[in-house]
Amino acid sequence: VTFTTRAGLPPSPTNVRVEGRERSDAALIAWDAPVLEGDQQILRYNLKVSAVKEIDDGYSGCVKEFHSTDEKRLLIDGLLPGTLYRTLVTVVTAGGEGPPSSPFIFKTRPVCPSAPAPPSLRTKASPYSFNLQWNPPSYLGGSNITKY
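The present account deals with the structure reproduced in this document. Here the structure is a predicted model, which means the values were calculated and not measured. Numbers given to residues run from 1 along each chain, matching the order in which its sequence is written. Thresholds applied to this predicted model are a pLDDT of at least 70 for local features of residues and 80 or more for the giving and counting of side-chain atom pairs; totals over whole chains, interfaces and linings are not thresholded and use all residues. Excluded from the side-chain calculations are hydrogens and water; all other atoms, namely the structure's heavy atoms, are used.

Topic: the sheet that holds strand S1 (residues 14-19)
1) Next: Being paired, for any two strands, means DSSP has found at least two bridges between them. Secondary structure is summarised from DSSP: a helix means a run of H or I of at least four residues, a strand means a run of E of at least two, and numbering begins at the N terminus for each. Spatial strand order, S1-S2-S5: three strands in an open sheet with antiparallel pairing. Single-partner strands in this sheet number two, and they are S1 and strand S5 (73-77). With direction set aside, neighbouring strand axes in the sheet form an average angle of 25°.
2) Next: Relative to strand S2 (residues 26-32), S1 runs antiparallel, the two sharing four bridges. Note that in S2 the partner of Val18 across the bridge is Ile29. Axis definition: a line fitted to C-alpha atoms, limited for helices to the stretch in contact. Angles are taken between N-to-C directions and run from 0 to 180 degrees.

Brief notes about the nonpolar core
1) Next: Here, nonpolar core refers to any group of buried Ala, Val, Leu, Ile, Met, Phe, Trp, Tyr and Cys residues whose side-chain atoms link them within 4.5 Å. Burial classes: relative accessible area under 20% of the type maximum marks a residue as buried, over 50% as exposed, and values in between as partly exposed (1.4 Å probe, protein chains only). Ile29, Trp31, Leu47, Ile76 and Phe106 are the most contacted members of the largest nonpolar core, which totals 15 residues.
2) Next: Elements supplying a minimum of two residues to this core: S2, strand S3 (44-55), S5, strand S6 (84-93) and strand S8 (104-107).
3) Next: Ignoring sequence-local partners within four residues, the contact set of Ile29 consists of Val16, Arg17, Val18, Leu47, Lys72, Arg73, Leu74, Ile76, Thr87 and Phe106. We call two residues in contact whenever any of their non-hydrogen atoms come within 4.5 Å of each other.

Okay, structure coming up:
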């Protein structure tokens, strides 16, 4: 009688990070492969990317995208400017999918907002002064307005 045991689950990848230049619409996510036992081989990596909001005790969000790759890095595009994202990476071997990496939080670079609406007179102009008003831009570019 011969018995074959199934390989155990692989450990988590480490050192999840953004490589290269910060961008407003994409991020090149990279990580280090874990050390595997025996003759296990990595079949693929799975990435979960979520847009998140900062809250008092961490981050809140839902999975935006799910990606698989056999490389140790992946370009995630279609991201929104000035937005926080959380990335989790897992390893898949013949033994199954291992636990996720520590959450990696990154923020895309904001872009310029759209122009504000044209100004209008708020009160009747005098020979020496006038008071203007306008509405803020319809698109903020992922950042708050600090001054006009």
